[in-house]
Amino acid sequence: MKLEIVNKSPFPLPNYLTEGSAGIDLYANIDESMLLKPLERILIPTGIHISIPTGYEAQIRARSGLALKYGITLANGIGTIDSDYRGEIKIILINLGQEDFIINSGDRIAQMVFIKYEKVTLIEVNKLDETKRGSGGFGHTGI
Ligand SMILES: O=c1ccn([C@H]2C[C@H](O)[C@@H](COP(=O)(O)OP(=O)(O)OP(=O)(O)O)O2)c(=O)[nH]1
């Protein structure tokens, strides 16, 4: 899939689809370093704008190294970038660690993956078909 991208950051475009890597690293495009205290959230600009083909979305995901070493993850779990969004992609970081975390311009703070999704027509009914599981969930089969 080809995708148009505007890069207003000074950082090079990522080498997507090389070496079998699924995620494009996203860089913090900030004027000054920022401090993220434990349990604080912050919105970090990337300088990246994209035009995603209809039927696809981009997902913003945490970087596992930052999560494991510092507790730095995304406050929204996975960010959804809609195919009709033309604004700047921004990253909602949260510090779930116990130490202050400093974000410097050019740090790779998250990654972006492209996903094809199913178009769904919702059909409203009064009753659903029956299954063995029924309403059971949330560990009802034990651990
Ligand atoms: O981590 C994120 C999540 C979203 N967005 C942008 C792209 C997305 O298309 C738009 C709206 O995101 P979302 O649908 O998650 O936001 P919402 O809270 O439902 O607001 P809206 O009413 O604007 O849809 O914001 C980001 O830049 N980063």
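Preceding this paragraph is the structure being described.
Keep in mind it's a predicted model, so treat the numbers as computed, not measured.

Focus: the site of the ligand
Right, on to step 1. Around the ligand, a shell composed of Ile60, Asn76, Gly79, Thr80, Ile81, Asp82, Tyr85, Ile89, Lys90 and Ile92 is seen.
Right, on to step 2. Every element with two or more residues in the shell around the ligand is listed here: β8 (79-81) and β9 (90-95).
Right, on to step 3. Looking at the shell around the ligand element by element, the count peaks at three residues for β8.

Quick look at the sheet that holds strand β11 (residues 108-116)
Right, on to step 1. Ordered by their spatial adjacency, four strands build an open sheet running β2-β11-β6-β8, and the pairing between neighbours is antiparallel. The open sheet is flanked by β2 (24-27) and β8, the only strands paired with a single partner. When the angles between neighbouring strand axes are averaged without regard to direction, this sheet yields 35°.
Right, on to step 2. With four bridges connecting them, β2 and β11 associate as antiparallel partners. For Tyr27, the partnering residue across the bridge sits in β11 and is Arg108.

Here is what the cut-offs are and how they apply
Residues numbered from 1 in each chain as written. Predicted model: local features only at pLDDT ≥ 70, side-chain atom pairs only at ≥ 80, totals over all residues. Near = placed C-beta within 6 Å. Helix = DSSP H or I, 4+ residues; strand = E, 2+ residues; numbered from the N terminus. Pairing = 2+ DSSP bridges. Axes fitted to C-alpha atoms, helices over the stretch in contact; angles between N-to-C directions.

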